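Here's the letter readout for the chains.
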Amino acid sequence: MDKITGLIDAPFTPFYENGEVNLEPIEQYAKMLAKNGLKGVFINGSSGEGYMLTEDERMRLAERWVEVAPEGFKVIVHVGSTCVKSSERLAAHAQKIGAFGIGAMATPFPKIGRIEELVKYCEEIAAAAPELPFYYYHIPAFNGAYLSMLDFLKAVDGRIPNFAGIKYTYESLYEYNQCRLYANGKFDMLHGQDETILPCLAMGGAQGGIGGTTNYNGRCLVGILDAWKSGDLEKARELQNYAQEVINVICHFRGNIVGGKRIMKLIGLDLGKNRTPFNNMTDEEEARMKQELEAIDFFNRCNVF
């Protein structure tokens, strides 16, 4: 399978004030991301509050993203669920509507504690969309699946025909690199932490990634890849350090899913509030976050429409 190069965005799910899914901003959203150098989207994942959406909502979102995606813009659909049968339906639907690929994180309940359990879970889901590449989304902080990804690759190798690779959202650069080197780089290792893109470029030879702060800080993060390719290490360092400054701000406001989603409103695309049980930002918190962002010149460096 061809490997993904460049950065894929993990978009937020737009909601109306009454909490219903709002499909209206998605076309503008997709065009903005493409304009700022993003190569596609990984929808209905953690940033998109996917586990808090109904099957119907997830399918309608997938249909809309595929419908409005610019030419060459990849739509990968997260289909993970606590019910594997639901995941299979979502996977089959993604294949039917022409998505680029599918992915799934380990279910948060019941917790997966053995490699064979994870392989079987992924195997059943991937089999429901055999024509699409399947990516495992490794984010153990979300679901407690602190398993060896190298052992996982060895177990899926030759067992899941459409297994493409891993979205690796974890802190171990050593393990990331070991996975990248496995079988002469057979599988696609998509970097999943915006705060450590440069180290993975330098040590791990990363070619592609999926990020959350790319929603509003994509120009900076794409710039890291561009600077690295051109041999401008100092520029790459400056951009990586700046990306961490932005992340420091959202960490003051409950992270990317809550604080980051509110940043979208500040840059011109109001995607609504988060679903319960997320604790939404108050107007006072929004004002303080805006001040912190202004202090690092964010609004002159963020994504543009």
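Quick notes on the rules
- Residues numbered from 1 in each chain as written.
- Predicted model: local features only at pLDDT ≥ 70, side-chain atom pairs only at ≥ 80, totals over all residues.
- Heavy atoms only, no water.
- UniProt positions renumbered as here; feature names shortened; annotations may be inferred.
- Phe/Tyr/Trp six-rings, centres within 6.5 Å; stacked < 30°, edge-to-face > 60°.
- Buried < 20%, exposed > 50% of the residue type's maximum accessible area, 1.4 Å probe, protein only.
- Lys NZ or Arg CZ within 6 Å of the ring centre and 35° of its normal.
- Core = buried A, V, L, I, M, F, W, Y, C linked by side-chain atoms within 4.5 Å.
- Contact = heavy atoms within 4.5 Å.
- Helix = DSSP H or I, 4+ residues; strand = E, 2+ residues; numbered from the N terminus.
- Expected span 1.5 Å × (residues − 1).
- Arc of directions from axis to C-beta.

By the naming in an unreviewed UniProt entry, the protein chain goes by Dihydrodipicolinate synthase family protein and is assigned to Prevotella melaninogenica. In its Sequence similarities (unreviewed entry) section, the UniProt entry covering the protein chain states "Belongs to the DapA family." Under the UniProt heading Subcellular location (unreviewed entry), the entry covering the protein chain gives this text: "Cytoplasm".

Caption draft 1: Highlighting the packing of aromatic side chains. Going through the model one piece at a time under the given rule, you end up with 13 aromatic pairs. Consider the rings of Phe298 and Phe299, whose centres lie 5.2 Å apart with planes at 80 degrees: the pair is edge-to-face. By relative accessible area, Phe298 is classed as buried at 0%. The lysine or arginine in question, Lys74, covers the ring of Phe100, its NZ or CZ lying 5.3 Å from the ring centre. The residue whose ring lies beneath Arg301 is Tyr242, and the NZ or CZ to ring-centre distance is 3.8 Å.

Caption draft 2: Representation of the nonpolar core. Counting 86 residues, the largest nonpolar core has Leu118, Tyr136, Phe152, Phe163 and Phe298 as the members making the most contacts within it. With sequence-adjacent residues up to four places away left out, Tyr136 is seen in contact with Ala104, Met105, Ala106, Leu118, Cys122, Ala145, Met149, Phe152, Phe163, Gly165, Ile166 and Lys167. Listed in part, the 12 residues of the second largest apolar core include Ile4, Ile8, Ile76 and Ile139.

Caption draft 3: A look at the side chain of Asn303. In this fold, Asn303 is placed in the segment after helix H12 (283–295). For Asn303, a relative accessible area of 2% puts it in the buried group.

Caption draft 4: Highlighting H12. For H12, spanning 13 residues, the distance from its first C-alpha to its last is 19 Å, which sits close to the expected 18 Å at 1.5 Å a residue. Turning to H12, its buried residues are Glu285, Glu286, Met289 and Leu293. The buried residues of H12 all sit within an arc of 100 degrees when viewed along its axis, so they share a single face. Facing away from the buried surface of H12 by more than 90 degrees, the exposed residues are Asp283, Gln291 and Ala295. In the core, the buried residues of H12 are packed alongside helix H10 (233–251) and helix H11 (255–266). Just past H12, the residue Asp297 takes up positive phi, approximately 60 degrees.

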